[in-house]
Amino acid sequence: MGIADRLIEDVGLRGGVSKLTPEQIQKTVNAVISGETGAKLKAYAETCMRCGLCAQACHFSQSHPDDPSYTPAAKVQATMGVLLKTGGKVSPEFIYGMAQLAYTECNLCRRCVHYCPIGIDTGYIMSTVRRICHKLGVTPQYIQDTAHSHSATFNQMWVKDDEWTDTLMWQEDEAREEFPGLRIPLDKEGADIYYSVIAPEPKFRTQLIYQAAAIMHAAGVDWTMPSEPGWDNSDMCMFTGDFEMMGRLKRKHFESAQKLKVKRIVMGECGHAFRSVYDMGNRWVAWKMYPVPVIHSIEFFWELMKQGKIKLAKKYPGPVTVHDPCNVVRGRGHHEKLRELVRFLVDGPIIETASNREHNICCTAGGGVINCGPPFKNVRLDGSKAKAEELRATGVKTIVAPCHNCHGGLEDTVHRYKLDMHIKFLGDIIYECMEKPS
Amino acid sequence: MHPPALWDWESGQRVILASMERPENVAWLEEYHISPDGERVAVLASLEEGGFTALVNGEAWENPFEKAWCPRFSPDGRFTAIVQQDGMWTLAVDGEAWEESFDFMWSTQFAPEGEAIAACIQSGGEYGLCIDGVTWETLYENASQCVLSADGKASAAVVQLAQLKPADIEAFKKGVYGVAVNGQSWDANFMNCWTPAFDAKGEHVAAQVRLNLYDYSIAVDGKTWNEIYGCVWEPRFNPATGKVVAPVRLNGRWGLAQDGQIIWEPRFGQCWQQIFSPDGKNIAAIVAPDFGKFTVAVNGKAWGVTFPVVTDLVICREGATVAALGCVDNADWQVLVNGRAWAGVWDMAWKPVISQVGGHVAAKVSKGKRQTIVVDGRAFAREFDQVFDPTFSPDGKKLLIRGIDKGSVVRIVADVAQA
Amino acid sequence: MNAAYEFVTGPLAWAAWGIFLLGSAWRLFSMYQLAKQKDAVSLSYMSLFYSMRSIVNWLIPFNALGWRKNPAMTVATFVFHICLLVAPIFLVAHVMLWDQSFGVSYVTIPDNVADIMTLVVIAACLFFAGRRIMQPEVRYITTPQDWVALVIVLAPFLTGFLAYHQLLDYDLMIILHVVAGEIMLAAIPFTRLSHMVFVAFTRAYMGSEFGGVRHARDW
Ligand code: SF4
Ligand code: SF4
């Protein structure tokens, strides 16, 4: 039992580990622990009572009921615990397992917070382990590639500057067929709203940009999108542990909005990017809160609904269930707005999963886990059994999930556990049901 | 060239465009832009029969284009847009398209003290710059973050020197990025390069570089400083001495380094956007003395007034006046001058401008749906639907205000003393 | 025997209390210094309101999700901590000691109640021990330190119980009891028992982050 028994080959982890020496490991571990951590980590390490209450919190341990090594406290013990105990005197092979565990067996979802009487933040500890892995150069290949893309292009998917604007123009052209006069206003100074997305949208899911433009158009919103880098709000560097790049990305994103003197940033249906703007990235930069308010799509659509700016031609046939993305619900308390909005859009009840609202179970894709790519797909899907069972128990056909990562993860889960459900973004439903001005 | 000295500084108001009605053949008008001297106002227009044109002072360009975007005035008052013709993109300057055209074009740049106009281009999947219609001889796998020297005679961009296979993290780590100056890449390659910047004469280029995943430094003309840092931000040349100054991070705190030597001890939670007075004697930067508290430091000394966010730092010629903006929640904006916040609190404020003589400060501000200008702390008597950044006359006595109100575009020259 | 008793209730008691009080104060102080130096960012989010909100909500049995999903553990934890604090503080014999030495006296609980509470603590310790042995996920994460902490806490109650009922050699037992209690006191700042010192702050921090930044409950 334990990570050493379930190692998976990955080019990034193997390549990184092959260059390590024990001295270098020790130096790096201690540099991070003494340089970047303090009372928080120390108190967590010391006061964890090993009570095991958190075992039931984690979908990984729920999905592996016979394997206690997935318990949050066990994962901490197997990684940070060992580093602290040995003072970083560990082998390269240990680092391999530690990295695999930290990057692929914890979604940093913080569900365990609701179970730990002490108030230990396992997500923070795992982030710190990842930080050490990053500093050691031991990161899974695919997520590292997205981090490289971020550093070179300021977006997650190697989208080049021209491809971005070209895609927006293409979507604008397409949308004009349906909505004559529709614009995706580029670089419009002083707009109320700066709409930002994540790179998979221009790369694979262009219909989301189309839908967003359609909704903005129908609602008569004064909005803009930037034509230059800064448009991608996503942040895989936050998850690889490359905090310097995380800060650089946030600076770029916010300065892009500040330059245009917009009032607010509205971001597409993405969870992790949201965590990065209000919780992690901003802090590295020394902004206590985001310098430009960032409104998640859930809240934005909710506002449009409240202001009567979305008019429905029909309602979406229910019942549905709602998947609460960790970073916007446990991370930002948007669960009731989400439900109000879904009730407005859907004809029929919301059938809740057993764990809902702040207590939701993670889709198992979050925290960069899905971005670790094909080698770890089964780790992820084995871990999502608990989620799958809760979803199956609702008996409905539609999952509303306002987060890209959750979408990707839940699609795989639905497929693997033969749930016969489909997954919808809020934007999908609004676009489908709204009155379309001609 | 058309420097401010030659503009019309006669006090009073002139209507530049009396009617902003949409002409009949126009499906929609986009956003208005106004020339620096306030004499020309331009807007891109989508035509009913398809295609785009620009209306400059109400007159359409001679020939329409399939598409037009990125509308910008050059410092000397030419109106430019990136336009599409026969599916290819080029730049139109006052309606005249460059002869060369490209698969895509973006990010129009103007030489601050010259006439050159440049833009980033992509042609057949290769990337580079095109300056006044002349494309770099060598094009690259990718090129971004382009800049022009002050006189526009030199250009630079971050370029990708080799193709990367999908998810090839090892190749990336070997370093495939560099800086190309006038199309010619440095001999050195890096994991990342950012924000290339020219010196005052356009002879040298400095950029941020990442040597590996963790070590950052500054490279000047391809040569890396000996020192490495936990992180760096944009390097800038001292205009008088030619030395390179960049914010650097050591042990989690930020300071400034000059040619690799620390000149501001790293004791800030943040430090960026350093600027020099043109005489090179003063440096100001936006800093965070404590977490969540931003201000401006001048020559290493931080102002007492702090805001959650500080932006738009400017400094006057001899460094006697330093101004910036502070805000809370991106909503309550104040103009900060020499360590003091002006009393007015605005919904939004724009980059302050400082007169070259006399140390006057003015900024565009807005409240609700109305915009105006504040000069030396007082709001201008009139509000507008839209106003553009103000400009001081070279003697610092007059202020040019360009605004749109009640359906017309006006150009006002006000006496600073009475504004 | 008398001399030994004098010693353990005299100098040794002073030492134990001294280590407990000064040790705890020092640990708190140095932790706070470290936090100021290294976790200034986290500290800046501390909020009294959200700290209290979190602490109060976690002090209500079966309120937090973790409590609800572990009912036996919840009961054991609550009664254990209550009895652990109430029994020794309000025990007649202990209050008499305060009175004799310092002339301070306060309310007491009847001896038979204290006796039951002692048994509850012992039973809870056995329950915790049982979990550490029988429950795989708890066994997996249990370290020797956790056993040490458990034994340290069990010892004064067990010896106290034996002494009170005079089941074994009373004189010896009472000395053992005093020593065990002193070991527990002295161990608080330096073992897992330090959670007594720190838990309010870890909770407060989590409460502040969840309340102030994340607008969500942390229970
Ligand atoms: S995946 Fe979530 S619940 Fe499990 S250990 Fe990580 S943060 Fe805790
Ligand atoms: S619930 Fe908290 S104290 Fe208990 S084992 Fe888990 S992390 Fe440790």
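Being a predicted model, the structure only gives us computed values, none of them experimental.

Looking at the overall build of chain C
Part 1 of the argument: A count of helical and extended segments in chain C gives 12 helices and zero strands.
Part 2 of the argument: Reading chain C from its N end, one meets helices and strands in the order α-α-α-α-α-α-α-α-α-α-α-α.
Part 3 of the argument: Principal axes of the C-alpha set define a box for chain C whose edges measure 60 × 40 × 35 Å.
Part 4 of the argument: Sequence-distant contacts in chain C: of pairs separated by 6 or more residues, those separated by 24 or more amount to 62%.
Part 5 of the argument: Taking the average location of the 13 positive side-chain charges in chain C and that of its 12 negative ones, the two points are 21 Å from each other.

Some remarks on the overall build of chain B
Part 1 of the argument: In terms of helices and strands, chain B carries one helix and 43 strands.
Part 2 of the argument: What you see for chain B is a C-alpha radius of gyration of 23 Å, in line with the 22 Å of a compact globule of 419 residues.
Part 3 of the argument: Across the 419 residues that make up chain B, the buried fraction comes to 59%.
Part 4 of the argument: A total accessible area of about 16700 Å² is found for chain B, and carbon and sulfur atoms account for 47% of it.

Remarks on helix 5 (residues 72-86) of chain A
Part 1 of the argument: The first and last C-alpha atoms of helix 5 of chain A sit 20 Å apart over 15 residues, in line with the 21 Å expected at 1.5 Å per residue.
Part 2 of the argument: Listing the buried residues of helix 5 of chain A in full gives P72, A73, A74, K75, V76, T79, M80 and L83 of chain A.
Part 3 of the argument: As for helix 5 of chain A, its buried residues are in contact with helix 2 (22-36), helix 3 (39-47), helix 4 (59-63), helix 6 (92-104) and helix 7 (122-136) of chain A together with helix 9 (136-141) of chain C.

Some remarks on the packing of aromatic side chains
Part 1 of the argument: For the structure shown, the criterion picks out 42 aromatic pairs over all chains.
Part 2 of the argument: Ring centres 6.1 Å apart and planes at 70° place the aromatic pair W106 of chain B and Y127 of chain B in the edge-to-face group. Of this pair, W106 of chain B sits in strand 10 (residues 104-110) while Y127 of chain B sits in strand 12 (residues 126-131), and the two are 21 residues apart along the sequence.
Part 3 of the argument: With a relative accessible area of 1%, W106 of chain B lands in the buried category.
Part 4 of the argument: The positively charged end of K288 of chain A is found above the aromatic ring belonging to Y45 of chain C, 5.3 Å away from the centroid.

Focus: the interface of chain C and chain A
Part 1 of the argument: Each partner contributes residues to the interface: chain C has 48 residues there, and chain A has 53 residues.
Part 2 of the argument: With both chains or domains summed, chain C and chain A bury close to 4300 Å², and 57% of this area falls on carbon and sulfur atoms.
Part 3 of the argument: The largest share of the area that chain C buries against chain A comes from Y140, I141 and R214 of chain C, three residues that together contribute 16% of it.
Part 4 of the argument: A salt bridge links E46 of chain A to R27 of chain C; the nearest nitrogen and oxygen atoms lie 2.5 Å apart.
Part 5 of the argument: Where chain C meets chain A, there are 30 residue pairs in polar contact (both at pLDDT 80 or more).
Part 6 of the argument: At 10 residues, the largest contribution of residues to the side of chain C that touches chain A is made by helix 12 (residues 195-213) of chain C.

Section: the site of ligand 1
Part 1 of the argument: Neighbouring ligand 1 are C58, H59, P72, K75, C106, N107, L108, C109, R110, R111, C112 and T122 of chain A.
Part 2 of the argument: Among the residues making up the shell around ligand 1, the classes are represented as six nonpolar, three polar and three charged.

Examining the pattern of salt bridges
Part 1 of the argument: Under the counting rule described, the total for this entry stands at 54 salt bridges over all chains.
Part 2 of the argument: Ionic pairing is found between D192 of chain A and K263 of chain A, a salt bridge with its closest N-O pair at 3.4 Å. In this pair, D192 of chain A is assigned in the loop between helix 9 (161-178) and strand 1 (193-196) and K263 of chain A in the loop between helix 13 (243-259) and strand 3 (264-267), connecting sequence segments 71 residues apart.
Part 3 of the argument: We classify K263 of chain A as partly exposed; its relative accessible area is 35%.
Part 4 of the argument: The shortest N-O distance in the salt bridge between K397 of chain A and D420 of chain A comes to 3.0 Å. Of the two residues, K397 of chain A is situated in the loop between helix 18 (385-394) and strand 8 (398-400) and D420 of chain A in the loop between helix 19 (404-416) and strand 9 (422-424); the sequence distance between them amounts to 23 residues.
Part 5 of the argument: Because the salt bridges share partners, they merge into one network encompassing R110, D121, D279 and R283 of chain A together with E209 and R214 of chain C.

A word on the packing of helix 9 of chain A against helix 11 (residues 206-219) of chain A
Residues and elements named next belong to chain A.
Part 1 of the argument: With their axes 9 Å apart at the nearest point, helix 9 and helix 11 run at an angle of 55° to one another. Taken together, the axes of helix 9 and helix 11 are oblique relative to one another. For the crossing formed where helix 9 meets helix 11, the hand is right-handed. Across from T167, L168, W170, Q171, E174, A175 and E178 in helix 9, the residues of helix 11 making contact are T206, I209 and Y210.
Part 2 of the argument: Looking at the contact of helix 9 with helix 11, its residues break down into five nonpolar, three polar and two charged.

Structural notes on the site of ligand 2
Part 1 of the argument: With respect to spatial proximity, the complete set of residues near ligand 2 consists of C48, M49, R50, C51, G52, L53, C54, A73, C116 and I118 of chain A together with I141 of chain C.
Part 2 of the argument: Around ligand 2, the nearby residues trace back to chains A and C.
Part 3 of the argument: Residues of the shell around ligand 2, tallied by class, amount to nine nonpolar, one polar and one charged.

Observations concerning the sheet that holds strand 20 (residues 216-220) of chain B
Part 1 of the argument: Pairing in this open sheet of four strands is antiparallel, and the strands run 18-19-20-21 (chain B) from one edge to the other. Here the strands that pair on one side only, and so sit at the sheet edges, are strand 18 (192-198) and strand 21 (223-224) of chain B.
Part 2 of the argument: Pairing of strand 20 of chain B with strand 21 of chain B involves two bridges; the strand directions are antiparallel. Bridged to V220 of chain B within strand 21 of chain B is K223 of chain B.
Part 3 of the argument: Each of strand 18, strand 19 (205-210) and strand 20 of chain B touches helix 13 of chain A; the most contacted strand, strand 20 of chain B, lies at about 60° to it.

Points about the confidence of the model for chain C
All names here are of chain C.
Part 1 of the argument: On average, residues of chain C score 95 in pLDDT, and 100% of them are at 70 or above.
Part 2 of the argument: Averaged over each element, pLDDT in chain C is lowest for helix 1 (residues 2-9) (90) and highest for helix 4 (residues 48-59) (98).
Part 3 of the argument: The ipTM assigned to the predicted complex is 0.97, against a pTM of 0.96.

Observations regarding the pairing of strand 4 (residues 52-56) of chain B
Residue and element names in this part refer to chain B.
Part 1 of the argument: Most of strand 4 sits out of view: five of its five residues are buried.
Part 2 of the argument: The side-chain alternation of strand 4 yields two buried faces, one formed by F52, A54 and V56 and the other by T53 and L55.
Part 3 of the argument: Examined bridge by bridge, strand 3 (residues 41-47) and strand 4 share five bridges and lie antiparallel to one another. Across the sheet, L44 pairs through a bridge with A54, a residue of strand 4.
Part 4 of the argument: Counting the residues that bridge the hairpin from strand 3 to strand 4 gives four residues, and of these G50 lies at a positive phi of roughly 100°.
Part 5 of the argument: Pairing between strand 4 and strand 5 (residues 59-60): two bridges, direction antiparallel.

Overview of the sheet that holds strand 13 (residues 134-135) of chain B
All names here are of chain B.
Part 1 of the argument: Strand order in the open sheet formed by four strands is 10-11-12-13, and the pairing between neighbours is antiparallel. Unpaired on one side and paired on the other, strand 10 and strand 13 mark the two borders of the sheet.
Part 2 of the argument: In terms of strand pairing, strand 10 meets strand 11 (residues 117-123) through five bridges, oriented antiparallel. If you follow W106 over to strand 11, its bridge partner there is C120.

Some points on the interface of chain A and chain B
For interface size, the figure often reported is the accessible area lost on association.
Part 1 of the argument: Taken together, the contacts link 53 residues of chain A with 61 residues of chain B.
Part 2 of the argument: Interface area for chain A against chain B, summed over the two sides, is near 4800 Å², with a carbon-plus-sulfur share of 55%.
Part 3 of the argument: By the criterion of area lost to chain B, the three top residues of chain A are R248, R251 and K261 of chain A, representing 15% of everything that side buries.
Part 4 of the argument: The residue E31 of chain B makes a salt bridge to R183 of chain A at a minimum N-O spacing of 3.0 Å.
Part 5 of the argument: Put simply, chain A and chain B have 27 residue pairs in polar contact (both at pLDDT 80 or more) between them.
Part 6 of the argument: Looking at the side of chain A that touches chain B, the elements that each hand over two or more residues are helix 7, helix 8 (141-153), helix 9, helix 13 and helix 14 (272-285) of chain A.
Part 7 of the argument: Among the elements that make up the side of chain A that touches chain B, the one with the highest residue count is helix 9 of chain A (eight residues).
Part 8 of the argument: In terms of residue class, the side of chain A that touches chain B is made up of 17 nonpolar, 12 polar and 24 charged.

Some details on the environment of G407 of chain B
Residues and elements named next belong to chain B.
Part 1 of the argument: When you line up the elements, G407 lands in the loop between strand 42 (398-405) and strand 43 (408-415).
Part 2 of the argument: In this structure the C-alpha to C-alpha distance between G407 and V345, which are 62 residues apart in sequence, comes to 27 Å.
Part 3 of the argument: Dropping the residues within four chain positions of it, G407 is found in contact with L17, A18, S19 and M20.

About the thresholds
- Residues numbered from 1 in each chain as written.
- Chains lettered and ligands numbered in written order.
- Predicted model: local features only at pLDDT ≥ 70, side-chain atom pairs only at ≥ 80, totals over all residues.
- Heavy atoms only, no water.
- Helix = DSSP H or I, 4+ residues; strand = E, 2+ residues; numbered from the N terminus.
- Contact = heavy atoms within 4.5 Å.
- Lys, Arg positive; Asp, Glu negative; His and termini not counted.
- Charge placed at Lys NZ, Arg CZ, Asp CG, Glu CD.
- Rg over C-alpha atoms; globule rule 2.2 N^0.38 Å.
- Buried < 20%, exposed > 50% of the residue type's maximum accessible area, 1.4 Å probe, protein only.
- Areas by Shrake-Rupley, 256 points an atom, 1.4 Å probe, with all protein chains shown as cover.
- Expected span 1.5 Å × (residues − 1).
- Phe/Tyr/Trp six-rings, centres within 6.5 Å; stacked < 30°, edge-to-face > 60°.
- Lys NZ or Arg CZ within 6 Å of the ring centre and 35° of its normal.
- Buried area = accessible area lost by both parts, 1.4 Å probe.
- Salt bridge = Lys/Arg side-chain N within 4 Å of Asp/Glu carboxyl O.
- Polar contact = N/O pair within 3.5 Å; in protein donor to acceptor, adjacent residues only side chain to side chain.
- Near = heavy atom within 4 Å.
- Nonpolar A, V, L, I, M, F, W, Y, C, P; charged D, E, K, R; others polar.
- Axes fitted to C-alpha atoms, helices over the stretch in contact; angles between N-to-C directions.
- Parallel < 35°, antiparallel > 145°, perpendicular 65-115°, else oblique.
- Left-handed = near helix turned anticlockwise from the far one by under 90°.
- Pairing = 2+ DSSP bridges.
- pLDDT = per-residue confidence, 0-100.

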